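What follows is the residue order along each chain.
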Amino acid sequence: GETHFGFQTVSEAEKGEKVYQVFESVAKKYDVMNDSMSLGIHRLWKDILLHQMNPYPGTQLLDVAGGTGDIAFRFINYIRSQRERQVQQKLRSHQNLSWQEILKSYQEGEQKSLGGSHVVVCDINKEMLTVGKQKACHLGYSEGLSWVVGNAEELPFNDDKFDIYTIAFGIRNVTLIDQALKEAYRVLKPGGRFLCLEFSQVNNPLISRIYDLYSFQIIPVLGEIIAGDWKSYQYLVESIRRFPAQEEFKEMIEDTGFLKVEYRNVSSGIVAIHSGFKL
Ligand code: SAM
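Read on for a plain summary of the structure. (Residues numbered from 1 in each chain as written. Predicted model: local features only at pLDDT ≥ 70, side-chain atom pairs only at ≥ 80, totals over all residues. Heavy atoms only, no water.)

Here's the deal with the sheet that holds strand β3 (residues 145-149)
The criterion, for reference: Two strands are counted as paired when DSSP detects at least two bridges linking them. Each helix is a run of H or I in the DSSP string that is no shorter than four residues. Each strand is a run of E no shorter than two, and both are numbered from the N terminus. Working convention: axes come from line fits to C-alpha atoms, limited for helices to the stretch in contact. Angles between N-to-C directions cover 0 to 180 degrees. The contact definition used throughout considers only heavy atoms, calling two residues in contact when any of these lie within 4.5 Å.
On the basis of which strands lie adjacent, the open sheet formed by seven strands has the order β3-β2-β1-β4-β5-β7-β6 and mixed pairing. Pairing within the sheet leaves two strands with one partner each, and these edge strands are β3 and β6 (259-266). Neighbouring strand axes in the sheet, compared pairwise and without regard to direction, differ in orientation by 15° on average. Sheet topology note: the β6/strand β7 (residues 271-277) ladder contains six bridges and is antiparallel. Among the inter-strand pairings, V266 is bridged to a residue of β7, identified as V271. Sitting on the sheet, helix α4 (residues 70-93) is in contact with β1 (60-64), β2 (118-123), β3 and β4 (162-168), with an inclination near 175° to β2.

Below, the structure is given as structure tokens:
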């Protein structure tokens with residue numbers, strides 16, 4: 001069949017295969033492409049996701065389709081700054097601390113301890129994880145971080161294990177979205193939170209026209225110039241258009257059993273952040 005955007009639709013088996021090839025071929029250039037395609041705005045969107053997550057020291061996070069680690073690194077930075085703030089507050093609230101205690105608090109802050117927080121980056125593509133690991137090494141992240149090859153539809157983790165599950169620009173690539181949502185529910189602890197950052201439906205007519213023009217005319221060209229890969233970036237645009245709109249996706253999350261499901265549009269709905277709780 002053909003979608004109204006003129007793209008050929010692919011079967012489910014073909015989709016999984018195609019997604020793998022796309023990310024295998026772009027892994028090394030993935031970060032450069034992300035910055036150039038989104039004009040750097042994906043960084044802001046990811047920061048907003050972290051702000052909404054607002055994790056506390058001790059949080060166990062699973063970042064599915066985590067690719068080259070953008071969410072994981074932000075998580076670690078966020079926790080570190082939370083810890084520093086805690087130490088500063090402690091110092092301020094106990095003005096009559098002994099110098100030993102002050103020194104101890106100071107050292108805790110210096111060590112930037114994560115307070116037991118941990119993030120698992122899980123991705124189906126080992127090439128993406130390899131690039132992520134290199135980045136982690138280069139940027140000096142080692143504590144509280146691990147990398148696991150795995151499929152969102154069949155996560156290699158026990159039940160009730162994580163406080164937060166995130167998936168950023170990943171779920172639209174998954175073949176069986178329902179199955180991935182079920183798995184998210186399964187691995188979360190009771191009280192745990194599901195957070196999804198994904199391209200969505202633009203709600204402003206003018207932005208929508210500019211966005212269409214940009215997506216269909218410019219992105220494949222940039223893909224060709226930067227990565228020598230027109231097809232992968234045509235696939236990218238195509239997959240964004242096929243993904244369910246805000247309300248429909250919200251219902252899918254609710255159907256999985258999540259409660260208090262809500263979403264927030266960012267950049268006129270170019271992306272949306274969906275949230276839900278396992279209770
Ligand atoms: N979350 C990262 C970010 O925001 O930069 C990477 C997003 S990238 C657009 C999509 C990722 O989803 C790729 O790394 C791809 O390998 C991964 N992926 C696709 N299908 C998957 C699946 N079924 N299970 C796990 N990961 C998958």
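Read on, since the account is not over.
Observations regarding the side chain of H42
Which entries qualify depends on this criterion: Buried, partly exposed and exposed residues are distinguished by accessible area as a fraction of the type maximum, computed with a 1.4 Å probe on protein chains only: under 20%, between the cut-offs, and over 50%, respectively.
You can see H42 is positioned in helix α3 (residues 41-53). For H42, a relative accessible area of 6% gives the class buried. For H42, the residues in contact, after removing those within four places along its chain, are N34, D35 and D70.

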